[in-house]
Amino acid sequence: MGNAVNQPLPNSFRQGPDSRGRFGPFGGRFVAETLMPLILEVERAYDAAKRDPAFKAEWQRLLKDYVGRPSPLWLAQRLTDHLGGAKVYFKREELNHTGAHKINAVLAQILLARRMGRKRIIAETGAGQHGVATATACALFGLQCVVYMGATDVERQQPNVFRMKLLGAEVRPVTSGAGTLKDAMNEALRDWVANVADTYYCIGTVAGPHPYPVMVRDFQCVIGEEVREQILAAEGRLPDALVCAVGGGSSAMGLFHPFLDDASVAMYGVEAAGRGLDTEEHAASLNRGRPGVLHGNRTYLLQDAHGQIREAHSISAGLDYPGIGPEHAWLHEIGRVNYVTATDTEALDAFQLCSRLEGIIPALESAHGLAQVIKLAPTMAKDRIIVLNLSGRGDKDIFTVARHLGVEI
Amino acid sequence: MSRIADRFAALKREGRGALVTYLQAYDPDPATSLAILRGLPGAGADVIEIGVPFTDPMADGPAIQRAAQRALKAGATLAGVLAMVRDFRSEDATTPVVLMGYFNPILSYGVDRFCTDAAASGVDGLIIVDVPPEEADEIEPQAKAAGLDLIRLVAPTTDEQRLPRVLAATSGFIYYVSITGITGTRSATTEQLAAAIPRLRRHTELPLAIGFGIRTPQQAAEASRIADGAVVGTALVDTLAASLDEQGRARPDTVRRVLDQVRSLAEAVRAARQVA
């Protein structure tokens, strides 16, 4: 890697990370020596793939013909009328094959794993969307797939567990800790250390050791790049605000990154406030955490006074993570992106509103973004434009929502 | 010379390798843990490795994960671990003590203050699992200034190209992770070790200890014969765990059972003659 490529240019938010994988002070490669040579190998392979037109062509073929990209940009007119302010557009990532944005980066990573000669793929999953996407890609390419999923999440995301199994993946429930996404990631890292020779770890978000945060971001940028083209075609100008839920933050980085240098575009990352920011039960790493090191990177973490990691909580399994991607931590500190929150209740309300007004059942993750749109749109003039990343569909969540609404199905 | 260098040099003169024993601080409670710690030198431990409990020990297997959970439940903190080392040092001035753990509790404590306090408490070296040489500037200057050795893991995956960089960032001794995997899951064969250790010897003068997967007196003897030391961790943690009652509390014989096992390991290590 030439330093020239990695030196941040002045007046740009899009040049990170540096050659150490840092976004400002965040990111890096905090892994055991056993993993370090692998991480470096992934980095070399990614650098080579990036420069290979054949890699890009193959990925784009898959995105178009297998995933169904570009995903539409939908003017949510009934919701817009209901909120009585800014025009609200949905970036319809939920229409992708497998029902969420995760498949974008998974297919690229699986192509990378193939280039590296790896035959076995492991992944961690929270809501199960990344697990399903990984299982799908592995089925498509005939690769062995093992998905680590917290036992708590296995319980609350049964439909996705069944999907993964149908796709030929092995789902390993993780019982350590609280049995959620954080513990699944620990277990996947342990698996990788033990199976270095034949295994590729397909990380689902913009976190983990370098190069994962930049690599997954680059692969998800297809979202924001399409939005830019689509909104210019529809409105002849850029949006005034972008909104997206953040757990690890891959869908948000994918939407935000192509717009970071457009000063007129405000950005809102929405963290899960769970039962409330002032309770112990939330997943708001940026709003209530502080910097630390976990899962290979320095970032904002929910932790106690002694540096022990706290359990996160959210009604949405995909946001139930006590950390966040390091680039978000940096964007938070420099103030380029506003990180706000939505509670379980606000997300549930948004979930129902969207279903009734737009005929779209959103994922509970995306419903957190929608909750921010509900707050934001009425404060903006009618000629303003908001784009929400509707990152996933809500079929997987209907059981959880029904339970919260006191309905038995 | 540091306690670590002194000890390895003394054992070399004796013609044998070191028995390095691991215990998780505060497992299952501070008093039991301190009693084991105090008993280790008498039972034959040459170097003591103290695990600092962390919620997310990503390089550790189930046994040490559970030990960390017990320890955290018993109120373990980094400050508490340092206090334990001070208590130990009031009785033992010569046995090297190495803290092994993860970076976040140290970051939270404050890297500068931690290195100063650790050295003042009688800690000799640090193994920080998730700080590879690439991130060494996070703690190396402070550790050096405080006179603490930074002991690094070398893995079977550490290739020839990378090895010099890892070794250059290491002091005290080299901790050779004998398997690709996490603690307490599988063991390397004698043949694998016999091939790996000479490879490292070509690159370093530092003592070499072999860890991960050494469970029995025979394996410990073998490893200490091939290298300069054998680290036994999970096997001792397993013994401790098996001695607990249904609520996870220590029983009257918990300390004795762990120390008895250390004695049998030490006997085997002391009987083994090193390869010249």
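Please read all numbers here as calculations on a predicted model, not as lab measurements.

Engineer: I keep staring at the overall build of chain A and nothing clicks. Help me out?
Structural biologist: When helices and strands are tallied, chain A shows 17 helices and 14 strands. Against the globule reference of 22 Å for 409 residues, chain A gives a C-alpha radius of gyration of 19 Å, in line with a compact fold. Taking the principal axes of the C-alpha coordinates as reference, chain A spans close to 55 × 50 × 50 Å. Restricting to contacts in chain A with at least 6 residues of sequence separation, those with at least 24 account for 72%.

Engineer: Would you take a moment to explain empty space enclosed by the protein for this structure?
Structural biologist: Empty pockets left among the atoms are what a rolling probe the size of a water molecule brings to light. Under the counting rule described, the total for this entry stands at 8 cavities of 30 Å³ or more. By volume, the largest cavity amounts to about 360 Å³. Lining the largest cavity are 28 residues, and of these His101(A), Lys102(A), Ser250(A), Gly318(A) and Glu365(A) lie nearest its centre. Contributions of two or more residues to the lining of the largest cavity are made by β5 (120-125), α6 (129-141), α9 (181-194) and α12 (250-256) of chain A. The residue inventory of the lining of the largest cavity, partitioned by class, reads 9 nonpolar, 16 polar and 3 charged. Quantified by volume, the second largest cavity comes out at close to 210 Å³. Forming the boundary of the second largest cavity are 26 residues, of which Tyr22(B), Asp60(B), Ile64(B), Thr183(B) and Gly233(B) lie nearest the centre. Secondary-structure elements contributing two or more residues to the lining of the second largest cavity are β1 (18-24), α3 (62-73), β3 (97-101), β9 (229-232) and α11 (234-243) of chain B. The class makeup of the residues in the lining of the second largest cavity is 16 nonpolar, 7 polar and 3 charged.

Engineer: What is the right way to read the interface of chain B and chain A from this model?
Structural biologist: By convention, interface size is frequently given as the accessible area that disappears when the constituent parts associate. Chain B puts 37 residues into the contact, and the matching count from chain A is 36 residues. For the pair chain B and chain A, the summed buried area comes to about 2,900 Å², and 51% of that belongs to carbon and sulfur atoms. Linking chain B with chain A are 7 salt bridges. Among the salt bridges present, the one from Arg20(A) reaches Asp137(B), with a minimum N-O distance of 2.9 Å. Remark: the boundary between chain B and chain A carries 26 residue pairs in polar contact (both at pLDDT 80 or more). Among the secondary structure elements, those contributing two or more residues to the side of chain B that touches chain A are α3, α5 (103-109) and β6 (153-154) of chain B. Here the side of chain B that touches chain A gets 5 residues from one element, more than from any other, and that element is α5(B). Counted by class, the side of chain B that touches chain A contains 18 nonpolar, 10 polar and 9 charged residues.

Engineer: Explain the pairing of β3(B) to me, please; I cannot follow it from the model alone.
Structural biologist: Residues and elements named next belong to chain B. Buried residues dominate β3, accounting for 5 of its 5 residues. Two strands pair when backbone bridges link them, and β3 and strand β4 (residues 125-128) are joined in this way by 4 bridges, in the parallel orientation. What sits directly across from Gly101, in β4, is Ile128.

Engineer: Looking at this structure, how should I read the environment of Val387(A)?
Structural biologist: Relative to the helices and strands, Val387(A) resides in strand β14 (residues 385-390). For Val387(A), the contacting residues outside a window of four places in its chain are Leu73(A), Tyr89(A), Lys91(A), Val227(A), Ile231(A), Pro239(A), Ala241(A), Leu242(A), Val243(A) and Leu255(A).

Engineer: Would you take a moment to explain the packing of helix α10 (residues 212-220) of chain A against helix α11 (residues 222-235) of chain A for this structure?
Structural biologist: Two quantities define a packed helix pair, namely the angle between the axes and the distance from one axis to the other. All names here are of chain A. Direction vectors running N to C along α10 and α11 enclose 30°, while the axes themselves pass 5 Å from each other. One way to sum up the angle between α10 and α11 is to call them roughly parallel. Contacts between α10 and α11 involve Asp218, Phe219 and Gln220 from the former and Val222, Ile223 and Gly224 from the latter. Taken together, the residues of the contact of α10 with α11 sort by class into 3 nonpolar, 2 polar and 1 charged.

Engineer: Looking at this structure, how should I read the sheet that holds strand β11 (residues 290-294) of chain A?
Structural biologist: Residues and elements named next belong to chain A. Taken together, 4 strands build an open sheet; the order of strands is β1-β2-β12-β11 and the sheet is antiparallel. Bordering the open sheet on either side are β1 (22-23) and β11, each of which pairs with just one other strand. Sheet analysis places β11 next to strand β12 (residues 296-301), joined by 5 bridges and oriented antiparallel. Bridge assignment links Arg290 to a residue of β12, and that residue is Leu301. In the packing of helix α14 (residues 326-334) onto the sheet, contacts are made with β1, β2 (26-30), β11 and β12, and the angle to β12 comes to roughly 45°.

Engineer: Sorry, what's going on with the pairing of strand β10 (residues 266-274) of chain A here?
Structural biologist: Walk down a regular strand and you will see the side chains alternate between the two sheet faces. Residue and element names in this part refer to chain A. Counting buried residues along β10, 8 of its 9 residues qualify, which places the element largely inside the surrounding structure. Relative to β10, strand β9 (residues 241-245) runs parallel, the two being bridged by 5 bridges. Pairing of Cys244 across the sheet is with Gly269, part of β10. In this region the chain leaves β9, passes through α12 and returns to the parallel neighbour β10; the handedness of that crossover is right-handed. Bridge analysis of β10 against strand β13 (residues 338-343) gives 6 bridges, and the strand direction is parallel. Following the sheet pairing, Val270 is matched in β13 by Val340.

Engineer: In this structure, what is going on with the pattern of salt bridges? I would like to understand it.
Structural biologist: Following the criterion strictly, the structure yields 56 salt bridges over all chains and no others. Between Asp240(A) and Arg384(A) there is a salt bridge, and its shortest N-O distance comes to 3.3 Å. Of the two residues, Asp240(A) sits in the loop between α11 and β9 while Arg384(A) sits in the loop between α16 (364-376) and β14, which places them 144 residues apart along the sequence. Given the relative accessible area of 11%, Asp240(A) is considered buried. Each of the salt bridges in this network shares a partner with another, and the network as a whole consists of Arg20(A), Arg22(A), Arg298(A), Glu135(B), Asp137(B) and Glu138(B).

Procedures and definitions
- Residues numbered from 1 in each chain as written.
- Chains lettered and ligands numbered in written order.
- Predicted model: local features only at pLDDT ≥ 70, side-chain atom pairs only at ≥ 80, totals over all residues.
- Heavy atoms only, no water.
- Helix = DSSP H or I, 4+ residues; strand = E, 2+ residues; numbered from the N terminus.
- Rg over C-alpha atoms; globule rule 2.2 N^0.38 Å.
- Contact = heavy atoms within 4.5 Å.
- 1 Å grid on protein atoms, 1.4 Å probe; cavity = no way out; pocket = protein on both sides within 12 Å on 5 of 7 lines; lining within 4 Å.
- Points joined across faces, edges and corners; volume = space filled by probe spheres on them.
- Nonpolar A, V, L, I, M, F, W, Y, C, P; charged D, E, K, R; others polar.
- Buried area = accessible area lost by both parts, 1.4 Å probe.
- Salt bridge = Lys/Arg side-chain N within 4 Å of Asp/Glu carboxyl O.
- Polar contact = N/O pair within 3.5 Å; in protein donor to acceptor, adjacent residues only side chain to side chain.
- Buried < 20%, exposed > 50% of the residue type's maximum accessible area, 1.4 Å probe, protein only.
- Pairing = 2+ DSSP bridges.
- Axes fitted to C-alpha atoms, helices over the stretch in contact; angles between N-to-C directions.
- Parallel < 35°, antiparallel > 145°, perpendicular 65-115°, else oblique.
- Right-handed = clockwise from strand over helix to strand, strands pointing away.

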